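Structural characterization, general
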Amino acid sequence: MLSKFNKYAHRRGATKKPRKLLEVIVLWDEYEDILLKLVGSFINQLSRIERIARFEKPTKQIFEALKNMFSNKQIERHFYINLKSENWLEPMYNKGFFSPKSIKDEELWNQAEYLIFVAKNIKSKDFKGSNAKFLVKIIEEINFHSENVQKLENYRIWYFLLDILTELPKQYINNKIINSIPNYLNTQHENTLESLAIFKLIHSYSLDEKNTFLYKDEITKLVELVFEISNDKKFKDSSAYENDDYYPIIRSYQLKQECKNPEFYELVALNCSNETIHRIANHLNTYLESSNISNFLIKTIFNLNVTKIHSHSIETIYTLFLQNVCIKIAQLEKNRILEIIESFWSKRYKHKHFIKLSLFLFAKTWNNTKELFFSIIDKQNNKLFLDPFWRDDFYFMLDDISIHLDKSESLIIESLIERFSEDCDNYKSPEHFRLYWFSSLNKNENFEKKYSDLSLKLGARKQEIQPKLERNVTFGSISPLSKNEILTIPILELISFLKKFDPKRGFREPCVEGLSRALYEAITENTSLFTDNWEEFLDVPYRHISEIYSGLSDTWKNEQQIDWDSCIKFIDKYTSQTTFATVDLALPNSTYSADHYWPLRQFCRLLSAGMRDDNKSFDARLLPQVEEIVFFFVENYLKNEIQDSQKGKLGSATSVINSDTGILIGTLFDYSLRKARLSDIAGRKKTRWSSRERNLFENLLINRVQEIYTYLGWHRNQFYFLDFKWTQKQLATISKLDDQTIKSYFGGHLLSNPYSKYDYKTFKKLYISAIKENWQVVDSHMVDNPYELHAAVFYIFDFEDLNEGDVITEIFKSKNVEQIRNLIHSLSFKFDKYKEELDDSGKIEFRQKIYKIWQHTLTTLGKYSSIKTKEIPSIFYLIKYIDELDEESFQLIKQSSRLARHRRDLDKLIENLNRLKTKGNIIQSSIYACEIFIDSVFTDIYYASVMQQEIIEFTEYMYNINDNTLTEYSNKICNEFAKKGEYFLRELYEKFNN
């Protein structure tokens, strides 16, 4: 047999063609059969290697056998996992089994499993401590090889070494090894596992509490290492979403978790000097200076422990750590915390962030640091009270310490507040300045009455004026009136305020946008505030009326009642005023220039919400009023212009329903449909709208208003309901219109499924043009694969049959894999309900059509060598339409396996093979199922293993049939999984091969 390999490797003579691949494959299969009989199956080899691993000591013969067996890496791995004798370490080391040369970049270093086992047991009485010396030698040799011979790019090796070091008694870990650890983090890949492992190593030093002090130098080096930063983007944590100039060399998420861990920062406080704290602070300062943290991005650092609010940037993580470790240092030694805060306040740290950090530390270490605070505060002039960068932090600091202040200390702070209150441009008045700072101190008996008196006088409480802990960015829309104030103040006073309030936008100052939002919240809580007083609102600006009607719409949609009569009367009166559609009702200083279209949009949305659902609509007696309003809007305020962004594109339903013109047309359409449904006119082809409505719609079409064409395509079935003949007439003219109008219509047409043969015949040429010219669907998120779905409907409904000139044929001719993929996706997922409703003969015909297009897809893709990718993942999902495995279905599935994304489609395949294995001729079906399983599942055994139970069920079924061919297939399945380290079939194999 072996002699044939040399022969088959050459031509049959110098001038003849090479041998056919099939001849070589047949020879190889014969070779595998012979080898199996000589060596045994892979699972049998596992049993042999387990017996070897149970030897207490290795022999020369064992070493020779291992060298041969280790050519298979899974056998090697299984051996090291099962080796549990420490007596193998020294002999294997001497034989070179742990040489760095055995480490390959893209493979697991299997030896590490045994080395970690030995390290974990060093402290056991039954294990020799001398083994630690061999582990250290192995680590030193690996470090030397990577640093001086050839850099190891196997990122797994480094966290293995860190795990070994974690388990080793610390007296064996020398400075040489510690100094090499930075190289462990400098990998080609994200050092996620190394980041986790290095903290385990650091924590392991605290386990021996009696001797921890002996390792302060080692702990310090490791702590300083994990806080190092780099501008190399390979250290950027992809899960942190940060875009800065510097990154921690440790994964940000892991570093932040440790910075919140008391065991970690207490270990640092106990074993590291202030020099280490300053080194970490220097890194933070470097980051802050390079990132230009804006003074307008004011974040208080008093709540950095709230994970959901804050990011994983250096600013957040390092600040959080310095907070925690410095508080612990203050508990240990007063002089150390004083030296740290003084340095933070000095010129050594130029960024203002360190003032914020100092204020936090004053608050949390007050008894130790208050003398330093009062010595500093007198030199700061008014900066502490007025600088917005740290103002929130100073407020929270005072709030924390207020209860601890004695009378003399309180007087010092009060005198400063009084002195600086006259220089407070960012506050409404000196009294508001005093109220703000007195509120931070109101828990102190010396400030309690001062705060309460001013609070009562100015009508503001602490809860309303204090900084918000959850606020990241302090600018935003602030309302001068709260929701409760809007609901309780006299209506005329409210109206007057709404009309007059229009300040220029200021930093952290009340604005029109804030007032509008508060008004919306008040309306959604109590609509009668408006509906009982609607006549008083006729002069209220557009911006506020828009929010009021937005609130009314949301209230109605949330199944709550509103006074429709008042709402409609107001719309009529408001839009009939001479001031409407002029600047008289605008607010010049508003950030958003709200014109008359703002309330128009909300009026229409409310009216549409009240007409779409017959089970929840306003009283029909109001429809005549609504008709006049809607017609007035359309005739006077409809725009007939197409945005530059829409030119040359298919109509977009999303754009239409959000455009001013589209909203007006939508409300007109909702009115016509509501009125038609109330008419009770029977018959499919009847007319259900008035000539006035028809004429208005017709006028929109004549004037080429693009939005009406998108509506016509999108809702053509509803237009058929309104007027069948009129709609059919309009559709017949579409293909004769200009290119832009055709596309505006067709964009809507694609959003509605095509069940009409008339529609198919009318628009067939447009479908073909769209496919050939690759018209891009704008609203792809509103419907899946519209071209391909429509083509699938035409095919399944027998409008087409893969003939030349058919829409579906054009998709295959396009050589566009994406379109073919989408077509198969539509066939796989959009016809389940349709198939279930068919009778038996209909289901047979349906399956035949699926088989036909399935085979056509395979044949077509096989011809297109120029197609870069032929992956059609959803093709596996067509298997659900197969009722039993026969030669035809077997060939379809087998050929399809080359087109699937094996990782994500194997679950569906395995599920269907289990379903089909019992159908039809049991033996033949099972053979087909096994061949498909082997061809497809073996391409990605690791992913397939997530379906262990289904695979066990499949394989056990094959064994139980007791057929020789199926038994061979089952044995092969068991062994192939075992070769990849998946042993869940081993028990089954041994049961049937005992």
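This part is about the overall build of the protein chain. Check the secondary structure of the protein chain and you find 53 helices and 2 strands. For a compact globule of 994 residues, the expected C-alpha radius of gyration is about 30 Å, and the protein chain comes in at 39 Å, more than 25% above that figure. Principal axes of the C-alpha set define a box for the protein chain whose edges measure 105 × 95 × 50 Å. Sorting the 994 residues of the protein chain into buried and exposed places 53% on the buried side. When contacts within the protein chain are restricted to residue pairs at least 6 apart in sequence, those whose partners lie at least 24 apart make up 75%. As displayed, the protein chain has an accessible area near 46,900 Å², and 48% of this comes from carbon and sulfur atoms. Distance between charge centres in the protein chain, computed from 136 positive and 139 negative side chains, equals 5 Å.

At a minimum axis distance of 11 Å, the contact between helix 49 (residues 922-937) and helix 51 (residues 948-960) shows a crossing angle of 135°. Between helix 49 and helix 51, the angle falls in the class oblique. Considering the relative orientation of helix 49 and helix 51, their crossing is left-handed. Where helix 49 approaches helix 51, its residues Ile922, Ser926, Ala929, Cys930 and Phe933 are matched on the opposing element by Ile951, Phe954, Tyr957 and Met958. Residue composition of the contact of helix 49 with helix 51, by class: 8 nonpolar, 1 polar and no charged.

With that out of the way, let us pick up the confidence of the model for the protein chain. Looking at the protein chain, the pLDDT average stands at 89 and 90% of residues meet or exceed 70. A low-confidence stretch, residues 34-39 (pLDDT under 50), is modelled with 5 contacts involving residues beyond four sequence positions or located in other chains. In this model, residues 294-298 is a region of pLDDT below 50 whose contacts with residues beyond four sequence positions or in other chains number 16 contacts.

Between the first and last C-alpha of helix 52 (residues 964-979) there are 22 Å, a value that for 16 residues agrees with the 22 Å anticipated at 1.5 Å per step. Those residues of helix 52 lying buried are Leu966, Thr967, Tyr969, Ser970, Asn971, Ile973, Cys974, Asn975, Glu976, Phe977 and Ala978. For helix 52, the secondary structure elements touched by its buried residues are helix 3 (42-53), helix 5 (73-82), helix 49, helix 50 (941-944), helix 51 and helix 53 (986-992). One side-chain oxygen at the N-terminal end of helix 52 lies 3.1 Å from the backbone nitrogen of threonine 965; it belongs to aspartate 963.

As a further point, take the packing of aromatic side chains. We describe a pair of aromatic rings using the distance from one ring centre to the other and the angle between the two ring planes. Following the criterion strictly, the structure yields 85 aromatic pairs and no others. Between the aromatic rings of phenylalanine 70 and phenylalanine 79, the centroid separation amounts to 5.4 Å while the plane-to-plane angle is 55°, which identifies the pairing as tilted. Of the two residues examined, phenylalanine 70 and phenylalanine 79, each falls in the buried class. Lysine 356 extends its terminal NZ or CZ atom over the ring of phenylalanine 389, reaching a point 5.0 Å from the ring centre. Geometry around tyrosine 795 places lysine 849 over its ring, the cationic atom sitting 4.2 Å from the centre.

For the rest of this paragraph, the subject is the side chain of histidine 145. Here histidine 145 shows up in helix 8 (residues 131-149). According to the relative accessible area criterion, histidine 145 is buried, its value standing at 11%. Leave out the neighbours within four places in its chain, and histidine 145 touches Pro100, Lys101, Gln150 and Leu152.

Glancing now at the side chain of asparagine 274. Here asparagine 274 is to be found in helix 15 (residues 274-291). A polar side-chain atom of asparagine 274 sits 2.8 Å from a polar atom in the side chain of arginine 336. Within the local environment of asparagine 274, its side chain forms a polar contact with the side chain of glutamate 339, the two groups lying 2.7 Å apart. Apart from the residues within four sequence positions on either side, asparagine 274 is in contact with Ile329, Arg336, Glu339 and Ile340.

The next subject is unusual backbone geometry. Here the phi dihedral of asparagine 774 falls at roughly 55°; this positive angle occurs in a residue that is not glycine. Mapped onto the secondary structure, asparagine 774 falls in the loop between helix 41 (757-773) and helix 42 (786-796). Judged by relative accessible area, asparagine 774 falls into the partly exposed class, the value being 39%. Positive phi is not limited to glycine here, since asparagine 962 has a value of about 65°.

Bringing a negative patch on the surface into the picture now. Taken together, the side chains of Glu884, Asp886, Glu887 and Glu888 present a region of like negative charge at the surface. Assignment of secondary structure puts glutamate 884 in the loop between helix 46 (840-863) and helix 47 (887-896).

Time to look at helix 27 (residues 491-500). Every buried residue belonging to helix 27 is among Ile491, Leu494, Ile495 and Leu498, and all of these are buried. On an axial view of helix 27, the arc spanned by its buried residues comes to 100°, and they lie on one face. Across helix 27 from its buried face, at more than 90 degrees, point the exposed residues Leu492 and Lys500. Among the structural elements, helix 26 (483-488), helix 28 (512-525), helix 29 (528-531) and helix 30 (542-557) are those in contact with the buried residues of helix 27.

Cut-offs applied
- Per chain, residue numbering runs from 1 following the sequence as it is written.
- Per-residue local features are limited, in this predicted model, to residues with pLDDT of at least 70; the limit for side-chain atom pairs, both in listing and counting, is 80 or more; totals at the level of whole chains, interfaces and linings are taken over all residues.
- Each side-chain value is derived from all of the structure's non-hydrogen atoms; neither hydrogens nor water enter the calculation.
- The way it works is that DSSP assigns letters per residue, a run of H or I at least four long becomes a helix, a run of E at least two long becomes a strand, and they are numbered from the N terminus.
- Every radius of gyration here is taken over C-alpha atoms, with the globule rule written as 2.2 Å times N^0.38, N being the number of residues.
- Burial classes: relative accessible area under 20% of the type maximum marks a residue as buried, over 50% as exposed, and values in between as partly exposed (1.4 Å probe, protein chains only).
- Two residues form a contact once any of their heavy atoms are found within 4.5 Å.
- Computed by Shrake-Rupley with a 1.4 Å probe, the accessible areas treat only the displayed protein chains as cover when residues are assessed.
- Charged residues are defined narrowly, with Lys and Arg counted positive, Asp and Glu counted negative, and His plus the chain ends left uncounted.
- The atom standing in for a charge is NZ when the residue is Lys, CZ when it is Arg, CG when it is Asp and CD when it is Glu.
- Simply put, an axis is a line fit to the C-alpha atoms, just over the touching stretch for a helix, and the angle between two N-to-C directions goes from 0 to 180 degrees.
- Under this scheme an angle from 65 to 115 degrees is roughly perpendicular, one under 35 degrees roughly parallel, and one over 145 degrees roughly antiparallel; angles in between are oblique.
- The hand of a helix crossing depends on one turn: near helix anticlockwise from the far one by less than a right angle means left-handed, and clockwise means right-handed.
- Each residue is assigned to one class: nonpolar for Ala, Val, Leu, Ile, Met, Phe, Trp, Tyr, Cys and Pro, charged for Asp, Glu, Lys and Arg, and polar for all the others, Gly among them.
- Per-residue confidence from the prediction method is given by pLDDT, with values spanning 0 to 100.
- To estimate the expected span of a helix, count its residues, drop one, and scale the result by 1.5 Å.
- Here a polar contact is recorded for every N or O atom pair within 3.5 Å, except that within protein the pair must consist of a potential hydrogen donor and a potential acceptor, and residues adjacent in sequence are included only if both atoms are side-chain atoms.
- Stacked, tilted and edge-to-face are the three classes applied to pairs of Phe, Tyr and Trp rings, where Trp contributes its six-membered ring and a pair requires centres within 6.5 Å; stacked means planes under 30 degrees apart, edge-to-face means over 60, and tilted covers the rest.
- Our definition puts a charge over a ring when NZ of Lys or CZ of Arg is within 6 Å of the ring centre and also within 35 degrees of the ring normal.
- Each patch is built from residues that are more than 30% exposed by relative accessible area and take part in no salt bridge. Like charges join if they lie within 9 Å; nonpolar side chains (Val, Leu, Ile, Met, Phe, Trp, Tyr) join within 5 Å.
- Salt bridges are counted wherever a side-chain nitrogen of Lys or Arg sits within 4 Å of a carboxyl oxygen of Asp or Glu.
- Along the arc lie the directions from the helix axis toward the C-beta atoms.

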